[in-house]
Amino acid sequence: EKGGYEHFMLKEIHEQPRVIRDTLKGRISHQGDKVILDEINLTPQQIKGIKKIIVTACGTAYHAGLVGKYIIEQLVRIPVEVDIASEFRYRDPIVDKDTLVVVVSQSGETADTLAALREARRRGARVVAITNVIASSVAREADDIIYTWAGPEISVASTKAYTTQLVALYLLALYLAQERNTLAAGNITEILNELKAIYTKAQEVLDNEQPIKEFAEKYHQAEDTFFIGRGLDYAVALEGSLKLKEISYIHAEAYAAGELKHGTLALIVENIPVIALATQKSLFEKMVSNIKEVKARDASVIALAMEGHTEVEKVADQVIYIPKTHQVLAPILTVIPLQLLAYYMSVCRGCDVDKPRNLAKSVTVE
Ligand code: F6R
């Protein structure tokens, strides 16, 4: 049942190219110039009337929502809030009929996410669900459903659910951009064509796991680690850090790289592993400076950068390159080495990878 892999998590990490492709299937026009989301039943008028979007979810799904904020704001220019479902449901949120609420849940059964969905609908919002389980509670109660086609996820640590949630969020963002005319047609086509090719690039990332494995072998005894990034890389850093904490029990902090100076730098000491994400072209120079800052405190830096950005080799101890793609799509690729890092750290430490202590796959009680 593990298909020759030692753990479900590793199997599911390796399934990502296929499930990314499955989640895209039938949702991009043959010419690659249009998003087809027949499952969204909003009228053109309703789409034009959206004033605010709130994404709400828990854990890894919340981290997917953070990526969603950056891309929707960038591509559609609608303000987006992302809220943890257990916060949203109790904070008397400002939601009305002009708010589109997007709930993200792999299982579709998370108690807080379901309660957030109900709260949003009670206040008159339209709710789009992104979920992996057909006819789950979230699917049954939402107005519109975008299914992720990740297949069953057995490992408690979510991997393929996250990358397919990202795919669903990209499709939603591009669909809204298309319907509201916020992007030139050429730009939509360009991103869609990159999106169509992303699964082959995900496979390339998987084929390059050796350096990650070696890094894990070298640093698995670390007590503290840091994940730093800016923009979309910061959102992915949060997910990488959660993954590591969850299954290897190593303390990890994700920090917006520009915040280091505001306190965190005090914790950077000799040999502390720092995973620096530097895939965003527009923020690359800033990240190079942040890497220099942590190197000046003798941290051990492994950087993730897009192919061609070799300048980072001068400042980091080690660099993992991800294949070139449109910078908004980088998270789909960047998260994979971080999943592998958490996995191999966990294995090196002898942890129960698929069933980490104190955690359940689906949190159906508060
Ligand atoms: C982390 C993880 C959890 C879930 C969270 C939400 O690896 O799996 O953080 O993402 O419990 O679960 P769903 O998506 O089923 O609502």
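Everything here concerns the structure above.
Rules behind the numbers
- Residues numbered from 1 in each chain as written.
- Predicted model: local features only at pLDDT ≥ 70, side-chain atom pairs only at ≥ 80, totals over all residues.
- Heavy atoms only, no water.
- Phe/Tyr/Trp six-rings, centres within 6.5 Å; stacked < 30°, edge-to-face > 60°.
- Helix = DSSP H or I, 4+ residues; strand = E, 2+ residues; numbered from the N terminus.
- Buried < 20%, exposed > 50% of the residue type's maximum accessible area, 1.4 Å probe, protein only.
- Lys NZ or Arg CZ within 6 Å of the ring centre and 35° of its normal.
- Pairing = 2+ DSSP bridges.
- Axes fitted to C-alpha atoms, helices over the stretch in contact; angles between N-to-C directions.
- Contact = heavy atoms within 4.5 Å.
- Salt bridge = Lys/Arg side-chain N within 4 Å of Asp/Glu carboxyl O.
- Core = buried A, V, L, I, M, F, W, Y, C linked by side-chain atoms within 4.5 Å.
- Near = heavy atom within 4 Å.
- Polar contact = N/O pair within 3.5 Å; in protein donor to acceptor, adjacent residues only side chain to side chain.
- Areas by Shrake-Rupley, 256 points an atom, 1.4 Å probe, with all protein chains shown as cover.
- Lys, Arg positive; Asp, Glu negative; His and termini not counted.
- Parallel < 35°, antiparallel > 145°, perpendicular 65-115°, else oblique.
- Left-handed = near helix turned anticlockwise from the far one by under 90°.
- Nonpolar A, V, L, I, M, F, W, Y, C, P; charged D, E, K, R; others polar.

Peer 1: I tried to follow the packing of aromatic side chains on my own but got confused; where do I start?
Peer 2: How two aromatic rings sit relative to each other is set out by the distance from centre to centre and by the angle between their planes. For the structure on display, the rule yields three aromatic pairs. Ring centres of Phe-215 and Tyr-219 lie 4.6 Å apart, and the angle between their planes is 45°; this geometry places the pair in the tilted category. With Phe-215 and Tyr-219 both in helix 10 (residues 210–219) and four residues apart, this pair spans about one turn of that helix. Comparing Phe-215 with Tyr-219 shows no difference in burial state: the two are buried. With centroids separated by 5.0 Å and ring planes inclined at 80°, the aromatic side chains of Tyr-343 and Tyr-344 adopt a geometry described as edge-to-face. In this structure, Arg-357 packs its charged tip against the face of Tyr-249, placed 3.7 Å from the ring centre.

Peer 1: Just to check I follow, could you spell out the sheet that holds strand 2 (residues 80–84) for this structure?
Peer 2: As a general point, the strands of a sheet are linked pairwise by backbone hydrogen bonds and lie either parallel or antiparallel. Spatially, 2-1-3-4-5 is the arrangement adopted by the five strands of the open sheet, whose pairing is parallel. Since the sheet does not close on itself, it has two edges, and those belong to strand 2 and strand 5 (144–147), each with one partner. Ignoring which end each strand starts from, the neighbouring axes of this sheet average 20° apart. Pairing of strand 4 (residues 126–131) with strand 5, which is carried by four bridges, proceeds in the parallel orientation. Among the inter-strand pairings, Thr-131 is bridged to a residue of strand 5, identified as Tyr-147. Taken strand by strand, helix 4 (residues 59–76) contacts strand 1 (52–57), strand 2 and strand 3 (99–105), and its axis lies near 170° from that of strand 2. Set on the sheet, helix 6 (residues 111–122) makes contact with strand 1, strand 3 and strand 4; between it and strand 3 the angle comes to about 165°.

Peer 1: Is there a simple way to think about the pattern of salt bridges in this case?
Peer 2: Enumeration over the complete set of coordinates arrives at 26 salt bridges. A salt bridge links Arg-126 to Asp-144; the nearest nitrogen and oxygen atoms lie 2.9 Å apart. One end of the pair, Arg-126, is in strand 4; the other, Asp-144, is in strand 5, with 18 residues separating them in the sequence. Among the residues examined, Asp-144 registers a relative accessible area of 1% and is labelled buried.

Peer 1: Would you take a moment to explain the sheet that holds strand 6 (residues 224–229) for this structure?
Peer 2: Across the sheet, five strands lie side by side as 7-6-8-9-10; this open sheet has parallel pairing. In this open sheet, the two strands that pair with only one neighbour each are strand 7 (251–256) and strand 10 (318–322). Between one strand and the next, the sheet's axes are offset by a mean angle of 20°, whatever the strand orientation. Taken strand by strand, helix 10 contacts strand 8 (273–278), strand 9 (300–306) and strand 10, and its axis lies near 145° from that of strand 10. Each of strand 6, strand 7 and strand 8 touches helix 11 (residues 232–248); the most contacted strand, strand 7, lies at about 175° to it.

Peer 1: Looking at this structure, I do not really get the nonpolar core. What am I missing?
Peer 2: Ile-53, Val-102, Leu-195 and Phe-227 are the most contacted members of the largest nonpolar core, which has 92 residues in total. At 13 residues, helix 8 (residues 160–180) tops the list of elements feeding residues into this core. Membership of the second largest hydrophobic core comes to 23 residues, among which are Ile-228, Leu-260, Leu-265 and Phe-284.

Peer 1: Honestly, the site of the ligand in this entry has me stumped. Any pointers?
Peer 2: Taken together, 13 residues surround the ligand, and among them Ser-105, Gln-106, Ser-107, Thr-110 and Glu-246 come closest. At 2.9 Å, a backbone N or O of Ser-158 approaches an oxygen atom of the ligand. Here an oxygen atom of the ligand sits 2.8 Å away from a polar atom, N or O, in the side chain of Glu-246. Surface burial for the ligand is 90%, taken as the share of its 410 Å² of free accessible area covered by protein chains. Of all elements in the fold, only helix 4 and helix 11 reach the threshold of two or more residues within the shell around the ligand.

Peer 1: Looking at this model, I keep getting lost on unusual backbone geometry. Mind explaining?
Peer 2: Where the residue is not glycine, phi is negative for most of them; where a peptide bond is considered, it is trans in most cases. The phi dihedral of Tyr-249 is positive, around 65°, even though this residue is not glycine. Mapped onto the secondary structure, Tyr-249 falls in the loop between helix 11 and strand 7. Given a relative accessible area of 26%, Tyr-249 falls into the partly exposed group. Positive phi is not limited to glycine here, since Asp-298 has a value of about 65°. Note that Asp-298 resides in the loop between helix 12 (284–295) and strand 9.

Peer 1: I would appreciate a short explanation of the side chain of Asp-233 in the present structure.
Peer 2: With respect to the helices and strands, Asp-233 occurs in helix 11. There is no salt bridge for the buried Asp-233, and the closest opposite charge comes from Arg-230, which lies 8.9 Å off by N-O distance. Sequence-distant contacts of Asp-233, that is, excluding residues within four places in its chain, are made with Leu-277, Ala-278, Thr-279, Gln-280 and Thr-334.

Peer 1: What am I meant to see in the packing of helix 8 against helix 9 (residues 185–207) here?
Peer 2: For any two helices packed against each other, the geometry is given by the interaxial angle and the distance between the axes. With their axes 11 Å apart at the nearest point, helix 8 and helix 9 run at an angle of 160° to one another. Compared by their axis directions, helix 8 and helix 9 come out roughly antiparallel. Seen from above, helix 8 lies across helix 9 with left-handed handedness. Contact residues: helix 8 offers Tyr-170, Leu-171, Leu-174, Ala-177 and Gln-178, while helix 9 offers Ile-188, Ile-191, Leu-192 and Leu-195. For the contact of helix 8 with helix 9, the residue count by class is eight nonpolar, one polar and no charged.

By themselves, these are just geometric observations and shouldn't be taken as functional.
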